[in-house]
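Observations on chain architecture
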Amino acid sequence: MSHAAPSPARPLFAGLKRLPEFLVIWVPLLLSAGHVVVFTAWTTWISFTPSTLVPVDGWVGWRNYTNVLATRNWKIAFDNLLIFGAGFVILTALVGLLLAIIIDQRIRGENVLRSIFLYPMAVSFVVTGTVWSWLLNPGMGIQKLVNDWGWTSFRFDWLIDRDMAIWTIVIAGIWQSSGFAMALFLAGLRSVEADLIKAAQIDGAGPVRIYTRVILPTLWPIVIAVMVILLQFAIKTFDLVRALTGGGPGLATQLPALVVYDFMFQRGHLGRGSAAAVLMLLTLLGVLLPYGAWKYYQRRRDARA
Amino acid sequence: MRDASLSRALLYAVAFLLAFLYLIPLAVVLLNSLRTAEEIVQTSMIGWPRVWAFQNYTAAWADFCIAQTCSGIRPYMLNSALVTLPATLLSTLLGAVAGYAISLWRFKGDTWIFALVTLGVFLPEQMRLIPWTIVLRDVGLTNTLAGLVMIHTVQGLSFTTLFCRNYYIAIPADLMKAAKIDGAGFFRIFYRIVLPLSPPILIVTVIWQFTGIWNEFLYGVTFTTGTQQPVTAALIALSASVADVPQHGVQSAAVVIAALPTLLVYLFGGRYFVRGLTAGAVK
Amino acid sequence: MSALVIRDLHKRFGATDVLKGINLDIDNGDFTVLVGPSGCGKSTLLNIIAGLETATAGDIEIDGRVVNAIPPKDRDIAMVFQTYALYPSMTVRQNITFGMECRNVPKPQQATALERVAKLLQIEPLLARKPAQLSGGQRQRVAMGRALVRDPKLFLFDEPLSNLDAKLRVEMRMEIKQLHARIGASIVYVTHDQIEAMTMATRIAVMHQGEIQQFADPDTIYNRPANLFVARFMGAPPMNTIPARLEAHAGRPVVVVGDTHLPAPPSIAPEWLGKPVILGIRPECIAEPTRQFGDGTAPSLTITAPVEMTEPTGAETIVVLRLGGTKILARVAPDIRLVPGAPATFAVDARKLCLFDPQTERLIA
Ligand SMILES: Nc1ncnc2c1ncn2[C@@H]1O[C@H](COP(=O)(O)OP(=O)(O)O)[C@@H](O)[C@H]1O
Ligand SMILES: [Mg+2]
């Protein structure tokens, strides 16, 4: 039998036949990967131009950045972000963990409770902000209700208190996002190997000890993942503040995302707005890159083990 | 054993207290949506309706004035639906195919592409506002729903591709090998083997995309104006008009209507969502 | 003619050489078993034969046709996987006919082929079920059915019995062997289990670290292992390998272990005299002193060595004894009483001794 000739260059029609395949692979991938690269580069470019109402060519070096960094608006927004970020992330994770632990106790009505803790996630930040602005408004919310009951000296006016207003955002944020944290924690708790728990029971550990010594330690990779996700929520927070406080009173609840919007569309300074957006991205990368590096290191270590 | 039943009782007490706290905002909005504006002004936002003001809903739906247009939130709800449904379906479908390609067909540069797609999940919207403005202008979709569909589809691809990829990566390599030996190609393997395994992750991506796009505000308020705006933007505009003449009853009714689609999606799909989320999200 | 020829095949994954120059020539109708410890590159080799993986260098020829650039579906092969790889969303029937569906085989022809295979494997009652509703053994049969329905030039099996329990594995081993005898197909069968290799193969290729150590019929592999690796890998318990010296006594070459002297195989080259060698001897070639090897035709030979421990298995007793400082195993009849600590005498099958070069580890006699 004669040997078939080694296959020549792939015939054209075979390439054409695979065209639909290439299209459905590459069009979405290039759109989604491409717009990330192009848009990031584009906005970064604008941040170095003297653009105001419309993008223009030109080069102003770091001027937009120094300008933004020098504004009171940005400084306060960034300080607020530190408080809000820390408070929101830590408290949401803690509340989420508490909810997950409660639900993990095989209690009755588990499905109903889970739905109750999770439903705020279905609601937009705009709705969340609006509703909490009513509840926290001293003139018509909780304070008014308690005052009307007769406890006239009761004060709960964080919404109009410059020092405390940022915590109203934290409260609404926790209400909105703790169900999400709960869902992820619960999955982690439920995926602990049954044999591990049995072994601990045989070792004579009580339920509390099993929890703190056996189950929770297996959860920390999820805890970190949840905190990173929450932290990037925090850095991007915009709608919630718009609907709840509008950034006020004064600048008390101003956050970087609002500053960007303010520069770009209220003051008509696209260059500075872009610079502020790039600063936001850098903040975000400050969180994501260490996390990514840590994950990468872990994967390498696991692969070697 | 007394100890155990005591801690059990404590557990239930804490659970129900927390459930109560979580339900307060929902209860307040629902009740207010049935109270008259006068009643709310006289007492507080929190209270039981003295007279049932069902007319709040008709007002909110069809004839309340938002920024000079007195048509209620009906047109804005329609806008949101016309943006959310196509963008959800398109981004889920394309993301599923892309996730399938990236997880089960190795090709040159796939890790780089995937890294960039993942980055797209985290890239702040603020970095994309100006480029999108210019792109919308150049393709002639400024202030149109089609423009929002395009934006949400492209951006949603990051999420859907990531979720589907993380789910499909668990499909055994041997299954793909067997299918290739059987002579199945890219599309046949997708719709005969991969797609039938996909409902759990598709439910997650659909719910995620639907709620995300329905609830989105920044793009809606930036890229559309007037009667082209989605319902989230309309709610903010509504609270601006309400600031002058308090109409909290109608506003509450509008909030309820606006939140209803996503609440229903969660109510019916939440269980699958939680189950599938862990398959796709944390990897 | 050859069913499969592999020429100088290399495969690298990044910096690691997984296959380092594989050469094989497999005849039509042969049942070739590729055996080796896990991680030695068996699956990689099989995947390259199937076209699921591309070689770094070298040629694959199936039925006289170089297939290097031909996709798996056009290579005229079928494959059975260790995990079975049944399509979870399809019924057993659809699993088996999926390949024909992909090749646009007409429906009536599909039905005939399905019927033939279902009858052959006795899986007719399972056809409407989904893989999740099958037991491990049933899944295994369906996976075989999917391969058999193709009637290909070459069957590839990648550890198809590894996920079965011991009893079922023995049954299926027999069944696959009978199946081969009945349909006379060419088979390349991968396993890490040397018993599977010995029982099923007409030819065995022993692989280690990406290289073929020996390619021969089972008898040769077992009795004349080409090197120490093959000697130690094949057989359970494995061949005893004992450091020794080759010396001349009364003009004849003798293997000296401690103070035990054994006649060297006649094929040993004289230049080994006075040098260290490694003596290889299978445990079953050391037995109770009354044993007659080869129906009594073998020259009688005995050794005396202290017994360390005995392990009765029921059918026989494994004895650990010490020969010249090395622990070795012997297999004696179950009714023999041996006292640990005391020396005992054993019969040795002098025809089956192997000698290896301690440096190259190759068989020298
Ligand atoms: N895709 C791959 N990338 C990198 N290394 C691989 C890959 N596939 C297999 N290997 C490595 O090649 C070696 C041989 O693997 P394999 O052929 O699966 O062995 P076997 O089937 O004999 O157990 C192993 O060390 C394995 O780690
Ligand atoms: Mg293998």
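Numbering of residues starts from 1 in every chain and runs along the sequence as written. Chains carry letters and ligands carry numbers; both start at the beginning, A for chains and 1 for ligands, and go up in the order they are written. Only residues with pLDDT of at least 70 are given local features in this predicted model, and only at 80 or more are side-chain atom pairs given and counted; all residues enter the totals for whole chains, interfaces and linings. The side-chain values count all of the structure's non-hydrogen atoms but skip hydrogen atoms and water molecules.

1. What to know about the overall build of chain B
Put simply, the rule reads: The way it works is that DSSP assigns letters per residue, a run of H or I at least four long becomes a helix, a run of E at least two long becomes a strand, and they are numbered from the N terminus. We get accessible surface area from the Shrake-Rupley algorithm with a probe of 1.4 Å; when it comes to residues, only the shown protein chains can shield them. His is not counted here, nor are the chain ends, while Lys and Arg score as positive and Asp and Glu score as negative. Just so you know, the charge point we use is NZ for Lys, CZ for Arg, CG for Asp and CD for Glu.
A tally of helices and strands in chain B yields 13 helices and two strands. Once the C-alpha set of chain B is aligned to its principal axes, its extents read approximately 75 × 70 × 30 Å. Surface exposure of chain B reaches about 11,700 Å², of which carbon and sulfur atoms provide 71%. Where the 17 positive side-chain charges of chain B centre and where its 11 negative ones centre are 13 Å apart.

2. Thoughts on the overall build of chain C
Under the convention used in this document: Accessibility here uses a 1.4 Å probe with only protein chains present; expressed as a share of the type maximum, an area under 20% marks a residue as buried, one over 50% as exposed, and anything in between as partly exposed. Residue contacts are counted whenever heavy atoms from the two residues lie within 4.5 Å of one another.
Helices and strands together make up the secondary structure of chain C, namely eight helices and 20 strands. In terms of its C-alpha atoms, chain C occupies a principal-axis envelope of roughly 80 × 45 × 40 Å. When the 365 residues of chain C are sorted by exposure, 52% land in the buried category. For chain C, contacts bridging at least 24 residues in sequence account for 67% of all contacts bridging at least 6. About 16,000 Å² of surface is accessible on chain C, with carbon and sulfur atoms providing 51% of the total. Positive and negative side-chain charges of chain C, numbering 40 and 38 respectively, have mean locations separated by a distance of 5 Å.

3. A closer look at the site of ligand 1
All names here are of chain C. Applied cut-off: We call a residue near a given molecule or strand whenever any one of its heavy atoms falls within 4 Å of it. By the criterion applied in these results, polar contacts are pairs of N or O atoms within 3.5 Å in which, for protein atoms, one can donate a hydrogen and the other can accept it, and in which residues neighboring in sequence qualify only through two side-chain atoms.
Around ligand 1 sit Phe-13, Val-18, Ser-38, Gly-39, Cys-40, Gly-41, Lys-42, Ser-43 and Thr-44, and that is every residue in its neighbourhood. Lys-42 places a main-chain nitrogen or oxygen 2.9 Å from an oxygen atom of ligand 1. Note that an oxygen atom of ligand 1 is positioned 2.6 Å from one of the side-chain N or O atoms of Ser-43. Protein chains bury 55% of the 560 Å² of accessible surface belonging to ligand 1 in isolation. Among the elements that make up the shell around ligand 1, the one with the highest residue count is helix α1 (residues 42-50) (three residues).

4. With respect to the domain arrangement of chain C
Residue and element names in this part refer to chain C. The condition that has to hold: Each domain span listed reflects an automatic or database assignment of domains. Summed over both partners, the accessible area lost on bringing two parts together, with a 1.4 Å probe, is the buried area. The term salt bridge refers to a pairing of a side-chain nitrogen on Lys or Arg with a carboxyl oxygen on Asp or Glu at a separation within 4 Å.
When the domains of chain C are assigned, the result is domain 1 (2-226) and domain 2 (240-356). The distance between the C-alpha centroids of domain 1 and domain 2 comes to 39 Å. Taken residue by residue, the interface counts five residues in domain 1 and six residues in domain 2. Between domain 1 and domain 2, roughly 500 Å² of surface is buried when both sides are summed, and carbon and sulfur atoms account for 43% of that area. Counting every contact that joins domain 1 to domain 2 gives zero salt bridges.

5. A look at the nonpolar core
What counts here: Grouping buried Ala, Val, Leu, Ile, Met, Phe, Trp, Tyr and Cys residues that are joined through side-chain atoms within 4.5 Å yields what is termed a nonpolar core.
Residues A:Phe117 and B:Tyr168 are the most contacted members of the largest nonpolar core, which totals 218 residues. The leading source of residues in this core is helix α8 (residues 165-190) of chain A, at 14 residues. Counting residues in hydrophobic clusters, the runner-up holds 47 residues, among them C:Phe31, C:Phe155, C:Ile187 and C:Met234.

6. Some remarks on the confidence of the model for chain C
Defined as follows: The predictor's confidence in any single residue is recorded as pLDDT, a number from 0 to 100.
Looking at chain C as a whole, its pLDDT mean stands at 92, while 100% of the residues score no less than 70. Among the scores for the predicted complex, ipTM is 0.87 and pTM is 0.85.

7. A look at the interface of chain A and chain B
Between chain A and chain B, the contact holds 83 residues from the first and 78 residues from the second. Roughly 7,100 Å² is buried in total at the junction of chain A and chain B, and carbon and sulfur atoms are behind 81% of that figure. When residues of chain A are sorted by the area they lose upon contact with chain B, A:Phe39, A:Ala122 and A:Trp134 head the list and together hold 9% of the total. The interface formed by chain A and chain B contains zero salt bridges.

8. Overview of helix α5 (residues 110-122) of chain B
Test applied: Between the first and last residue of a helix there are one fewer steps than residues, each counted as 1.5 Å, and that sum is the expected span.
With 13 residues, α5(B) should cover 18 Å at 1.5 Å per step; its first-to-last C-alpha distance of 19 Å lies within 8% of that length. Taken as a whole, α5(B) has its buried residues at B:Asp110, B:Ile113, B:Phe114, B:Val117, B:Thr118, B:Gly120, B:Val121 and B:Phe122. Looking at the buried side of α5(B), the elements it contacts are α2 (19-46), α11 (220-236) and α14 (270-304) of chain A together with α4 (74-104) and α7 (145-168) of chain B.

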